[in-house]
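Below, each chain spelled out in residue letters.
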Amino acid sequence: MIKTKIISLKKKNNILIVHSIGEFSGSLKSLEEYLKIMVKDYNFYFLTPSGIAEKRLKKYGHVIKTLGLSKFDNSILGYYRGLRWLILLREILLIFPTLFSVFLIKKNIKKLDLIHFNEVTLVPTIFIFKFFFKEPFILHCRILFKKNNYFGKRICKFLKKNIFKIIAIDNDVKNSFPSNLNIEVIRNIFFIKKIKKKTFFKDGYINLGYIGSYLKYKGLEDLILIHNKLNKKRKIRLYLAGNFIPEKWYGNILNLSNNINKNLLNSKNIFNMGHLNNIQLFYQKIDVICFPSYLNALGRQIFEAGFYKIPSIVCLKKNSADSFINKKTGLSFKRPGDLNKFEKIVDYFCLNKKSIIKMGKNANYLIKSNHNIKKNLAKIKRVYSECVKIKR
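Bear in mind that the values here come from a model prediction, so they are computed numbers and not experimental data.

Basis of the calculations
- Residues numbered from 1 in each chain as written.
- Predicted model: local features only at pLDDT ≥ 70, side-chain atom pairs only at ≥ 80, totals over all residues.
- Heavy atoms only, no water.
- Helix = DSSP H or I, 4+ residues; strand = E, 2+ residues; numbered from the N terminus.
- Expected span 1.5 Å × (residues − 1).
- Buried < 20%, exposed > 50% of the residue type's maximum accessible area, 1.4 Å probe, protein only.
- Arc of directions from axis to C-beta.
- Contact = heavy atoms within 4.5 Å.
- Core = buried A, V, L, I, M, F, W, Y, C linked by side-chain atoms within 4.5 Å.
- Phe/Tyr/Trp six-rings, centres within 6.5 Å; stacked < 30°, edge-to-face > 60°.
- Lys NZ or Arg CZ within 6 Å of the ring centre and 35° of its normal.
- Salt bridge = Lys/Arg side-chain N within 4 Å of Asp/Glu carboxyl O.
- Pairing = 2+ DSSP bridges.
- Right-handed = clockwise from strand over helix to strand, strands pointing away.
- pLDDT = per-residue confidence, 0-100.

(A) Broad picture of helix 11 (residues 339-351). For helix 11, built from 13 residues, the straight-helix expectation of 18 Å at 1.5 Å per residue is met to within 8% by its first-to-last C-alpha distance of 18 Å. By the burial criterion, the buried members of helix 11 are Phe 342, Glu 343, Ile 345, Val 346, Asp 347, Phe 349 and Cys 350.

(B) Layout of helix 6 (residues 150-162). Here helix 6 is 13 residues long and its end C-alpha atoms lie 19 Å apart, about the 18 Å a rise of 1.5 Å per residue gives. Within the sequence span of helix 6, burial applies to Gly 152, Ile 155, Cys 156, Phe 158, Leu 159 and Asn 162. The buried residues of helix 6 occupy one face: seen down the axis, they fall within an arc of 160 degrees. The exposed set on the far side of helix 6, more than 90 degrees from its buried face, consists of Tyr 150, Lys 153, Lys 157 and Lys 161. Each element contacted by the buried residues of helix 6 is listed here: helix 5 (123-129), strand 5 (137-141) and strand 6 (165-168).

(C) Spatial organisation of the nonpolar core. Among the nonpolar cores identified, the biggest contains 41 residues, and Leu 16, Phe 129, Leu 159 and Phe 177 are the most heavily contacted of them. One finds Leu 223, Ile 226, Ile 260 and Phe 342 within the second-largest nonpolar core, a separate group that totals 30 residues.

(D) Broad picture of the packing of aromatic side chains. Per the counting criterion, the structure on display carries 26 aromatic pairs. Arranged with centres 5.7 Å apart and planes meeting at 70 degrees, the rings of Phe 117 and Phe 129 form a pair that is edge-to-face. Taken as a pair, Phe 117 in strand 4 (residues 114-117) and Phe 129 in helix 5 lie far apart in primary sequence, 12 residues in all. Since its relative accessible area comes to 0%, Phe 129 is described here as buried. Taken together, a centroid distance of 5.1 Å and an interplanar angle of 70 degrees make the contact between Phe 282 and Tyr 283 edge-to-face. No difference in accessibility class separates Phe 282 from Tyr 283, as the two residues are buried. Put simply, the rings of Phe 190, Phe 282, Tyr 283, Phe 303, Phe 307 and Tyr 308 pair up and form one aromatic cluster. Sitting above the plane of the Tyr 79 ring, Arg 81 keeps its charged end 4.2 Å from the centroid. Its guanidinium or amino end placed over the ring of Tyr 79, Lys 146 lies 4.6 Å from that ring's centre, counting from NZ or CZ.

(E) Quick look at unusual backbone geometry. For Asn 296, which is not glycine, the phi torsion reads 55 degrees and is therefore positive. Structurally, the position occupied by Asn 296 is in the loop between strand 11 (288-291) and helix 10 (300-307). When its relative accessible area of 27% is taken as the criterion, Asn 296 is described as partly exposed. Positive phi outside glycine occurs at Lys 327, with the angle close to 70 degrees. Looking at the element boundaries, Lys 327 is found in the loop between strand 12 (312-315) and strand 13 (330-333).

(F) Molecular detail of the pattern of salt bridges. Taken as a whole and judged by the stated rule, the model has 18 salt bridges. Across the pair Glu 184 and Arg 382 runs a salt bridge, and its minimum N-O distance is 2.3 Å. Taken together, the residues span a long stretch of sequence, with Glu 184 in strand 7 (residues 183-185) and Arg 382 in helix 13 (residues 373-388) at a distance of 198 residues. Two residues, Arg 234 and Asp 347, come together in a salt bridge whose shortest N-O distance is 2.6 Å. Of this pair, Arg 234 sits in the loop between helix 8 (220-230) and strand 9 (236-243) while Asp 347 sits in helix 11, and the two are 113 residues apart along the sequence. The network of salt bridges with shared partners includes Lys 165, Glu 184, Arg 382 and Glu 386.

(G) Molecular detail of the pairing of strand 12. Alternating residues of strand 12 divide into Ser 312 and Val 314 and Ile 313 and Cys 315, and every residue in both groups is buried. Note: strand 11 against strand 12, 3 bridges, orientation parallel. The partner of Phe 291 across the bridge, within strand 12, is Val 314. Chirality of the crossover, the property in question, places the unit of strand 11, helix 10 and strand 12 among those that are right-handed. Here strand 12 pairs with strand 13 via 4 bridges, running parallel. Note on strand 13: the bridge partner recorded for Cys 315 is Phe 333.

(H) The confidence of the model for the protein, seen in detail. Mean pLDDT over the protein stands at 90; residues scoring 70 or higher make up 94%. Across the protein, the element-wise mean pLDDT spans from 92 in helix 10 up to 98 in helix 5. Within the model, pLDDT remains below 50 along residues 1-9, and this stretch shows 0 contacts once partners closer than five positions in the same chain are excluded.

Structural data, given as structure tokens:
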């Protein structure tokens, strides 16, 4: 009698990730950092509008393209007021491609274990999907939410009933939602195979850095103005890495054009590196990362910089010490657009290089503790595992 050896193969779960932005964004970058590691353990499918996101996500699984997905923005930046209410006309029209995307999913994916929505703005899409899918839903929240206004209260009531687990990227985002929701903090990660040895203060200069979209509300114009003023008396340079957001035809009509004045990039000692696939090239050049945003929130560049022992300058009323501690890992000012305070902080770093080194080391310690890859990866895998065991 011939004995046969039975090999047990672990079945991979099928995960659909719904991503609403076709252009490159911080939410896409943060999603990719997890996908780089998790792709070997799961079968990923993606629903996303055509664009950069579609091309980048192809590396991790099957992509289903859509003309767009219906959204409702109740974040502290994008909530509807004034002419912004007209944006809802677009979102109403996007209900039709959202409904068609349901057909595409059913056609292309035989079996799903869970659906992961990559931002709270996708509430209308979630509402539509709940009529067609029995799989449990996970919602990833990356922006500060307005929980106390009329729409915020009703959206939170809907989420409580229809979302198995809400993932917040930090305690600030978590605290912007009601405490009665099933919400857990799982921080963003930054996957680097090897960090090259870094040299600070090249040629005796203080090298400031900004990475991200070239938008007014992120305080980039303020940063350039401060740099240009101090450049007259200090050895200071500014490196920019990122891009302008493509303008929509209705942007100027609704006063939604947020790109900075392109002529500002032509100032002395400002170096525009553009969009970089290898962001180490950027972090190797800078001594201090700047994120003087008007959103009272930290961008992922703050914790990315921490891995390179780079301190930060931020505009922040208060925070929960996930990625930044004032006077420990960097310096902050509280009022958006406070150029006087902003200038004093930059000038302080110009005159106190030892503080840059000290705060950079503190930032590195904090980031490695809170944004530990193994710890946060284990959390999101646990959430996935819990999710696939239940039916919505």
